[in-house]
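This is what each chain is made of:
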Amino acid sequence: MFDSTKCSFADLGLSDECVARLEEIGYEHPSPIQEKFLPPALKGLDCLGQSQTGTGKTASFMLPILEKQEKSEQFPQALVLCPTRELSEQVAQETIHIASGDRPEIVVVVGGRPLRTQAQKIERGVDIVIGTPGRVIDLYKRNILSFDHLKTVVLDEADRMLDIGFRPDMEYILKRCPKQRQTLLLSATIPDDIERIAQLFMKDPVRIDLSGQNVTASSVDQYYCTVDEHKKFPFLIKLLSVEKPRQVIVFCRTKRKADQLYNKFRTRLDNVAALHGDLPQAKRDRVMKKFRDGKVRLLIATDIVGRGIDVGGISHIINYDIPEHSDDYVHRIGRAGRLSSEFLGKAFTFVTKEQGDELTRIEMLVNRMIPQYRLDD
Ligand code: AMP
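Everything numeric here is computed off the predicted structure, so don't read it as measured data. (Residues numbered from 1 in each chain as written. Predicted model: local features only at pLDDT ≥ 70, side-chain atom pairs only at ≥ 80, totals over all residues. Heavy atoms only, no water.)

**Digging into the overall build of the protein**
Move 1: Broken down by element type, the protein carries 15 helices and 13 strands.
Move 2: Taking 377 residues into account, the globule formula puts the C-alpha radius of gyration at 21 Å, and the protein, at 21 Å, falls close to it.
Move 3: A principal-axis box enclosing the C-alpha atoms of the protein has dimensions of 65 × 45 × 40 Å.
Move 4: A buried classification covers 56% of the 377 residues belonging to the protein.
Move 5: Considering only contacts in the protein between residues 6 or more positions apart, those separated by 24 or more positions represent 77%.
Move 6: Carbon and sulfur atoms provide 47% of the accessible area of the protein, an area that totals close to 16,900 Å².
Move 7: Taking the 55 positively charged and 54 negatively charged side chains of the protein as two groups, their mean positions are separated by 6 Å. (Helix = DSSP H or I, 4+ residues; strand = E, 2+ residues; numbered from the N terminus. Rg over C-alpha atoms; globule rule 2.2 N^0.38 Å. Buried < 20%, exposed > 50% of the residue type's maximum accessible area, 1.4 Å probe, protein only. Contact = heavy atoms within 4.5 Å. Areas by Shrake-Rupley, 256 points an atom, 1.4 Å probe, with all protein chains shown as cover. Lys, Arg positive; Asp, Glu negative; His and termini not counted. Charge placed at Lys NZ, Arg CZ, Asp CG, Glu CD.)

**Examining the packing of aromatic side chains**
Move 1: All chains considered together, the criterion is met by eight aromatic pairs.
Move 2: Taking the centre distance of 5.2 Å and the plane angle of 90° together, the rings of Phe235 and Phe350 count as edge-to-face. Residue Phe235 is located in helix α10 (residues 232-243), and its partner Phe350 is located in strand β13 (residues 345-351); the two are separated by 115 residues in the primary sequence.
Move 3: Classification of Phe235 as buried rests on a relative accessible area of 15%. (Phe/Tyr/Trp six-rings, centres within 6.5 Å; stacked < 30°, edge-to-face > 60°.)

**What about helix α3 (residues 57-68)?**
Move 1: Along its 12 residues, α3 runs 18 Å from first to last C-alpha, staying within 8% of the 16 Å computed at 1.5 Å per residue.
Move 2: For α3, a buried count of 10 out of 12 residues is recorded, marking the element as mostly surrounded by other parts of the structure.
Move 3: Of all the residues in α3, the buried ones are Lys57, Thr58, Ala59, Ser60, Phe61, Met62, Leu63, Pro64, Ile65 and Leu66. (Expected span 1.5 Å × (residues − 1).)

**Examining helix α11 (residues 255-266)**
Move 1: Relative to the 16 Å expected for 12 residues at 1.5 Å per residue, α11 spans 16 Å between its end C-alpha atoms, a close match to the ideal helical length.
Move 2: Those residues of α11 that sit buried are Ala258, Leu261, Tyr262 and Phe265. With its buried residues spanning 105° around the axis, α11 presents them on a single face.
Move 3: Check the buried side of α11 and you find it contacts α10, β9 (248-251), β10 (272-275) and β11 (298-301). (Arc of directions from axis to C-beta.)

**Comments concerning a positive patch on the surface**
Move 1: A surface patch of like charges, here positive, comprises Lys283, Arg286, Lys290 and Lys295.
Move 2: Examined against the element boundaries, Lys290 turns out to sit in helix α12 (residues 281-292). (Patch = residues over 30% accessible without salt bridge, like charges linked within 9 Å, V, L, I, M, F, W, Y side chains within 5 Å. Salt bridge = Lys/Arg side-chain N within 4 Å of Asp/Glu carboxyl O.)

**Notes on the domain arrangement of the protein**
Move 1: Along its sequence, the protein is carved into domain 1 (9-209) and domain 2 (220-366).
Move 2: At the junction of the two partners, domain 1 supplies 20 residues and domain 2 supplies 21 residues.
Move 3: Overall, the association of domain 1 and domain 2 removes approximately 1,800 Å² of surface from exposure, summing both partners, and the carbon and sulfur fraction of that is 45%.
Move 4: Along the contact surface separating domain 1 from domain 2 lie three salt bridges. (Domains from an automatic or database assignment. Buried area = accessible area lost by both parts, 1.4 Å probe.)

**Here's the deal with the packing of helix α2 (residues 32-42) against α3**
Move 1: At their nearest, the axes of α2 and α3 sit 9 Å apart, and the two run at 25° to each other. Here α2 is positioned roughly parallel relative to α3, judged by the angle of their axes. Every pair of crossing elements has a handedness; the one defined by α2 and α3 is right-handed. Each of Ile33, Gln34, Phe37, Leu38, Ala41 and Leu42 in α2 lies in contact with α3, whose residues at this interface are Lys57, Ala59, Ser60, Phe61, Leu63, Pro64 and Glu67.
Move 2: Classifying every residue of the contact of α2 with α3 gives nine nonpolar, two polar and two charged. (Axes fitted to C-alpha atoms, helices over the stretch in contact; angles between N-to-C directions. Parallel < 35°, antiparallel > 145°, perpendicular 65-115°, else oblique. Left-handed = near helix turned anticlockwise from the far one by under 90°. Nonpolar A, V, L, I, M, F, W, Y, C, P; charged D, E, K, R; others polar.)

**A word on the sheet that holds strand β2 (residues 78-81)**
Move 1: The sheet built from seven strands is open, its strands ordered β3-β4-β2-β5-β6-β1-β7 with parallel pairing. The open sheet is flanked by β3 (106-109) and β7 (206-209), the only strands paired with a single partner. Sheet twist, expressed as the average angle between the axes of neighbouring strands with direction ignored, equals 15°. (Pairing = 2+ DSSP bridges.)

**Looking at the nonpolar core**
Move 1: Counting residues in hydrophobic clusters, the biggest one holds 37 residues, and the most contacted among them are Phe37, Phe61, Met62, Leu63, Val80, Ile128 and Ile130.
Move 2: Counting only elements with at least two residues in this core, the list comes to α1 (16-24), α2, α3, β2, α4 (85-98), β3, β4 (128-131) and β6 (182-187).
Move 3: The greatest single-element share of this core, amounting to six residues, is contributed by α3.
Move 4: Other than its neighbours up to four places away in sequence, Phe37 contacts Cys47, Leu48, Gly49, Ser60, Phe61, Leu184, Leu185, Leu186 and Ile208.
Move 5: Of all hydrophobic cores here, the second largest spans 33 residues; its members include Leu48, Val109, Ile144 and Met161. (Core = buried A, V, L, I, M, F, W, Y, C linked by side-chain atoms within 4.5 Å.)

If you want it as structure tokens, here you go:
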């Protein structure tokens, strides 16, 4: 299932030690984004890559950081900004996974977790800071986190950071980072806002655009289903009984809707959970762990928290509500049939009769016609 290239990591300019580590963890060939992104990024150039979670993008920006890392008293050397807590955690996990030799000291700085612990870790000295813009600024304003020695700044899922209102925070941070730094930006889509950030804060970025090849994960079979709003729940029940998903995420537009749906399921199933931004962090962590461990098989999520969930076993994505922004479609369905899984994922989008235009916008974005799926009565 892994969408790899024929080239080898050794051809991309990585050190022998790093290539050996990648071999050790079973990364045989670079993915398309890694093949294109790594050479300019390793040379220290600013890079703007269009790619989504699940395509190996974390290694694309993290390997150059790890290769550049120096033993020094001046901390931290790299800052990775992510839109959500979950994504920050995931980037940290992948970093630990791919790091060879002397592991870098990493701290994840996100809201909803004790600031003190994060501050103490930074004060002891960390190489890489990964986190959401709000908490990063908080720590900076308290003079705990310094940007003075940063060599690399990464904006991961930059389009989503803009969507959820992080634009002022991103600009605040970028303005205060050293001029002599490398900026790497990754985004599933490149709207005008991203261009603006690139022009203001990046130096002649090398553009790596894989959208022509495939915006959406090629390993996902996509369908839409025409369903009236009030028939969605029975339709979903029937779809689940026909499809028998191994693990499924059902996406709703709002937290309220996610809760309502969860309450309908709760009495019928015990391996179901909801994940949205109103839940306390500890609860979100517990739900994610259960989902990762396969104890939760049906997860009802909203876009913001659903994005970036990297769990190998997800067989199905159901868009109970068609996403409000077409870009979210790409992110949602990217959760299924990920690099690490061996099976083909399926994505179903529920569309009401009035939402034809929204479906068309998605089809234009993913550059393919999405076939209709019917359930026999
Ligand atoms: P990402 O897009 O960074 O979220 O990566 C998605 C998944 O693919 C993670 O589980 C990685 O460990 C895995 N992965 C990344 N690069 C490779 C590679 N070159 N070969 C095999 N697996 C990879």
